[in-house]
Amino acid sequence: AKVERAAESTKEQNRQAFQESPEMSEEPETCLQQFYTSHVLLSGDKAQRVEENFSAVETLMGSIVKWAYQSSSGLYPQSPISVGSYREGLHLQPEDGSINFDFLVPIRFNPKLALVSGGLAKQPGHYEQRLPTYMFRDHGVPVRHWGTKILVDLEAVEEAHVEVHCHKQKAWLEDDDIDLDEVDEYKESLEHHNLDPIQILKDFHRYIEIALDPAYSHPLQNDLIFRQRLRPPKVPTIPPWMRQSIQLQALRPASPAIQLSFLAGPEAVPVRLVPAIQGAVKLSNQWLREDLTHLSDWWAGDLTNEKRSFLQKVAALQEVGPELVAKGGFWR
């Protein structure tokens, strides 16, 4: 999943400005160079200011994620990863605007997911929308796509005989002779042990609130067990000036990002933190053969090179791997 198209509107503005530029009457290469210099590339002073802002934001986001790691009992074990237009060196922006800083925040997720061919034929239920944390299979727990949504396929899970761990038996199952059938067992595991796309964003938003709250010196300071520890886990100190320089925006369920603003003098720099699951989805051979081949834009156009080109692109896709983000109540 890609981080949101942060520079889309800016590109359109620059495209219009380029078309209306008086230099259009000159040689195309000269015109293009002048346009890049005046509208796209950052001036020296501004480039330095942006680098300083990014360095401060990166440090602060790293500290916030370490606080979230403690608040979530280890759900965010890695430092945030810079992505987006700044990371790619695409300094497109309005003349008086700010460059967005986007970060992926890797989520701890142990099971593997196998994307199998074909989408779900029916409206998914709430079980399918969650990702299992205690269901395992060597080749991955089967999931299917529904548009851009990734959903657990309970029927395929049953056929694959996925292993369920840490399942919680229901209170009425007291007789040893009574067992849950496989589908009910999977549903029960998904009910109690899951990553819910809605709850992930709500919880992460709350963790950031705690990290920015001056009343907190540690995210677990109100936890009774934490108070009894002789050696409590350490977290980075977030100084008051850092907390004052960042503002947390209201949660937007339709967005995969937690949005903040970094106050750099008179300038408010947009910052987005996107919780994401990396490296969990395995692209099955069936999906590669049946689904990916239907994507016509993956073909080179030359019939003699189609197979080789396709295999090269499949290899590139497998190496990069898809990322899953929570958006609109689904993993996508």
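Residues numbered from 1 in each chain as written. Predicted model: local features only at pLDDT ≥ 70, side-chain atom pairs only at ≥ 80, totals over all residues. Heavy atoms only, no water.

1. Here we look at the packing of aromatic side chains
Logical step 1: For the structure on display, the rule yields four aromatic pairs.
Logical step 2: Aromatic side chains phenylalanine 54 and phenylalanine 103 sit 5.9 Å apart centroid to centroid with 10° between the ring planes, which places their arrangement in the stacked category. Placement of the pair is phenylalanine 54 in helix α3 (residues 44-71) and phenylalanine 103 in strand β2 (residues 101-106), with a sequence separation of 49 residues.
Logical step 3: Through a chain of ring-to-ring contacts, three or more aromatic side chains come together here, namely Phe54, Phe101 and Phe103.
Logical step 4: In this arrangement the basic side chain of lysine 149 is found over the ring face of phenylalanine 330, its NZ or CZ atom lying 5.1 Å from the centre. (Phe/Tyr/Trp six-rings, centres within 6.5 Å; stacked < 30°, edge-to-face > 60°. Helix = DSSP H or I, 4+ residues; strand = E, 2+ residues; numbered from the N terminus. Lys NZ or Arg CZ within 6 Å of the ring centre and 35° of its normal.)

2. Describing the pairing of β2
Logical step 1: The buried fraction of β2 is high, at six of six residues.
Logical step 2: Neither face of β2 is exposed, since Phe101, Phe103 and Val105 on one face and Asp102, Leu104 and Pro106 on the opposite face are all buried.
Logical step 3: Looking at chain direction, strand β1 (residues 81-83) and β2 are connected through three bridges and run antiparallel. Considered in β2, the bridge of isoleucine 81 is made with leucine 104.
Logical step 4: Two strands pair when backbone bridges link them, and β2 and strand β12 (residues 267-278) are joined in this way by six bridges, in the parallel orientation. Residue pairing for β12: valine 105 is matched across the bridge by proline 275. (Buried < 20%, exposed > 50% of the residue type's maximum accessible area, 1.4 Å probe, protein only. Pairing = 2+ DSSP bridges.)

3. Things to note about the confidence of the model for the protein chain
Logical step 1: Model confidence for the protein chain is summarised by a mean pLDDT of 78, while 69% of its residues fall at 70 or above.
Logical step 2: Here helix α1 (residues 8-20) is the element of the protein chain with the lowest mean pLDDT, 54, and helix α8 (residues 197-212) is the one with the highest, 97.
Logical step 3: Segment residues 296-300 is flagged for pLDDT under 50; beyond a separation of four residues in sequence, or across chains, it makes 13 contacts in the model. (pLDDT = per-residue confidence, 0-100. Contact = heavy atoms within 4.5 Å.)

4. Quick notes on the pairing of strand β14 (residues 323-327)
Logical step 1: Direction of pairing for β12 relative to β14: antiparallel, over a ladder of three bridges. Bridge pairing in β14 links isoleucine 277 to leucine 324.
Logical step 2: With two bridges joining them, β14 and strand β15 (residues 330-331) adopt antiparallel strand pairing. Looking across to β15, one finds that alanine 326 is bridged to tryptophan 331.

5. A short note on the pattern of salt bridges
Logical step 1: A full pass over the atoms with the stated rule returns five salt bridges.
Logical step 2: When the shortest N-O distance is used, the salt bridge between glutamate 191 and arginine 130 registers 3.6 Å. Here arginine 130 lies in the loop between α5 (126-129) and β4 (131-132) and glutamate 191 lies in helix α7 (residues 182-192), a separation of 61 residues in the sequence.
Logical step 3: Under the relative-accessibility criterion, arginine 130 is labelled buried at 14%.
Logical step 4: For the salt bridge of aspartate 153 with arginine 144, the shortest nitrogen-to-oxygen distance reads 2.3 Å.
Logical step 5: Beyond isolated ion pairs, a larger network of salt bridges with shared partners links Arg130, Glu191 and Asp196. (Salt bridge = Lys/Arg side-chain N within 4 Å of Asp/Glu carboxyl O.)

6. Points about α8
Logical step 1: Here α8 contains 16 residues, and its C-alpha end-to-end distance of 23 Å stays within 8% of the 22 Å for a straight helix at 1.5 Å per residue.
Logical step 2: Those residues of α8 that sit buried are Pro197, Ile200, Leu201, Phe204, His205, Tyr207, Ile208, Ile210, Ala211 and Leu212.
Logical step 3: Between a side-chain oxygen at the N-terminus of α8 and the backbone nitrogen of isoleucine 198 the separation is 2.8 Å; the capping residue is aspartate 196. (Expected span 1.5 Å × (residues − 1). Polar contact = N/O pair within 3.5 Å; in protein donor to acceptor, adjacent residues only side chain to side chain.)

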